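Each chain, letter by letter, is given below.
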Amino acid sequence: MYHGKHLKKFRGKTGQHRDDMLKNLVTSLIKYGRIETTWVKAKSMQRLAEKMVTHVKNDTSISNGICKEFVREHEITLPKLSELADRFKDRQGGYTRVFKNGNRPKDNAPMGIIEFVGEKYDLRTFLVTRAEARRRLEKDNLGFKTLDEIHEFLKTCETKGSPLQKSEFLRLKSQQKAMRDFERRIEKVKASQNYDSEAWEKAVQAEMELLTQKTKALKLTESS
């Protein structure tokens, strides 16, 4: 029979270890509103987090007992769950959303970000902020960082009669398209109602510092 096989099995983890891990993840999500973890863990915990919100919305002694038994740090999570129940009182499910967020550097595990719908700091803004920080830190081999620089370089090559190799031309065209798409994403963020230029710049600088620290820590672990 296929009874009880609806949960994802994590390699190297017992059933008790998996349940404790999911409880900790759901507790962190309720506490912070948004967390980053692997894609598989995010999808596994998604329905459990939404069940906790549904139990609080039902507001019965049994449902409240289930919440208290499942989540931890009651002095923080239970008031947060009450706030989420008020936020989603007119919503029939779909309280969370998961976004893909690249791969982890060491083991190449696909990562994801899960958040509750309606958070004050929109996840799209968060991802664009992180991408902008990476763009400022990383520099292409030819030194291009803007669309205008690529366009001027291609125009100069055409006027001087020194065509590029096909592979280099295609690489620049691909980079040009990626930059154009990214600038459209930034325009959408700036067009949002909650956009603040000073807060945006501070957030980008903070992400740049965080990425720099992560890169240094990764180099130290690789060298040791």
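Residues numbered from 1 in each chain as written. Predicted model: local features only at pLDDT ≥ 70, side-chain atom pairs only at ≥ 80, totals over all residues. Heavy atoms only, no water.

A. Structural view of the overall build of the chain. A count of helical and extended segments in the chain gives eight helices and three strands. Ordered by position in the sequence, the α and β elements of the chain form the string α-β-α-α-α-β-β-α-α-α-α. Per-residue burial over the chain gives 32% buried out of 224 residues. The contacts of the chain with a sequence gap of at least 6 include a subset with a gap of at least 24, amounting to 63%. Carbon together with sulfur atoms contributes 51% to the accessible area of the chain, which is approximately 15,100 Å² in total. (Helix = DSSP H or I, 4+ residues; strand = E, 2+ residues; numbered from the N terminus. Buried < 20%, exposed > 50% of the residue type's maximum accessible area, 1.4 Å probe, protein only. Contact = heavy atoms within 4.5 Å. Areas by Shrake-Rupley, 256 points an atom, 1.4 Å probe, with all protein chains shown as cover.)

B. Fine view of the packing of aromatic side chains. Counting across every chain of the model gives two aromatic pairs. Aromatic pair phenylalanine 88 and phenylalanine 116: ring centres 6.5 Å apart, planes at 40°, arrangement tilted. Of this pair, phenylalanine 88 sits in the loop between α4 (74–87) and β2 (96–103) while phenylalanine 116 sits in strand β3 (residues 110–116), placing them 28 residues apart in sequence. Judged by relative accessible area, phenylalanine 116 falls into the buried class, the value being 1%. The ring of tryptophan 39 carries lysine 100 above its face, with NZ or CZ at 5.3 Å from the centroid. (Phe/Tyr/Trp six-rings, centres within 6.5 Å; stacked < 30°, edge-to-face > 60°. Lys NZ or Arg CZ within 6 Å of the ring centre and 35° of its normal.)

C. Examining α4 more closely. Compared with an ideal rise of 1.5 Å per residue, which puts 14 residues at 20 Å, α4 spans 19 Å between its outermost C-alpha atoms and is within 8% of the ideal. Regarding α4, the residues found buried are Thr77, Leu81, Leu84 and Ala85. In an axial view of α4, the angular spread of the buried residues amounts to 100°, which keeps them on one side of the axis. Within α4, the exposed residues directed more than 90 degrees away from the buried face are Glu75, Glu83 and Asp86. On its buried face, α4 sits against α1 (15–32), α2 (39–58) and β3. (Expected span 1.5 Å × (residues − 1). Arc of directions from axis to C-beta.)

D. Region of interest: the environment of glutamate 207. As for its placement among the helices and strands, glutamate 207 is situated in helix α8 (residues 197–223). Judged by its relative accessible area of 11%, glutamate 207 is buried. Through-space distance from the C-alpha of glutamate 207 to that of alanine 133 is 5.9 Å; in sequence the pair is 74 residues apart. Ignoring anything within four residues of it in the chain, the contact list for glutamate 207 reads Phe126, Thr129, Arg130 and Ala133.

E. Structural detail: the packing of α1 against α4. Packing of α1 against α4 brings their axes to within 9 Å, and their N-to-C directions diverge by 65°. In terms of crossing hand, the pair formed by α1 and α4 is left-handed. Only Ile76, Thr77, Lys80 and Leu81 of α4 make contact with α1, whose side of the interface consists of Thr27, Ile30 and Lys31. Split by residue class, the contact of α1 with α4 holds three nonpolar, two polar and two charged. (Axes fitted to C-alpha atoms, helices over the stretch in contact; angles between N-to-C directions. Left-handed = near helix turned anticlockwise from the far one by under 90°. Nonpolar A, V, L, I, M, F, W, Y, C, P; charged D, E, K, R; others polar.)

F. View of the confidence of the model for the chain. For the chain, the average pLDDT comes to 80, and 83% of its residues sit at 70 or higher. At the low end of the mean pLDDT range in the chain sits helix α6 (residues 147–160), at 69; at the high end sits α2, at 91. (pLDDT = per-residue confidence, 0-100.)

G. Looking closely at the pairing of β2. Inspection of the sheet shows β2 paired to β3 by six bridges, in the antiparallel sense. Across the sheet, the residue bridging to lysine 100 is glycine 112, located in β3. A loop of six residues connects β2 with β3, the two strands running antiparallel in sequence, and asparagine 108 in this loop sits at a positive phi of about 65°. (Pairing = 2+ DSSP bridges.)

H. Just the sheet that holds β3, in detail. The strand order across the open sheet built from three strands is β1-β3-β2, with neighbouring strands paired in antiparallel fashion. Each edge of the sheet is formed by a strand with only one pairing partner; in this case those strands are β1 (34–38) and β2. The average undirected angle you get between the axes of adjacent strands in this sheet is 25°. Seen against the sheet, α1 touches β1, β2 and β3 and runs at an angle of roughly 150° to β1. Sheet strands touched by α2: β1, β2 and β3. Its angle to β2, the strand with the most contacts, is close to 165°.

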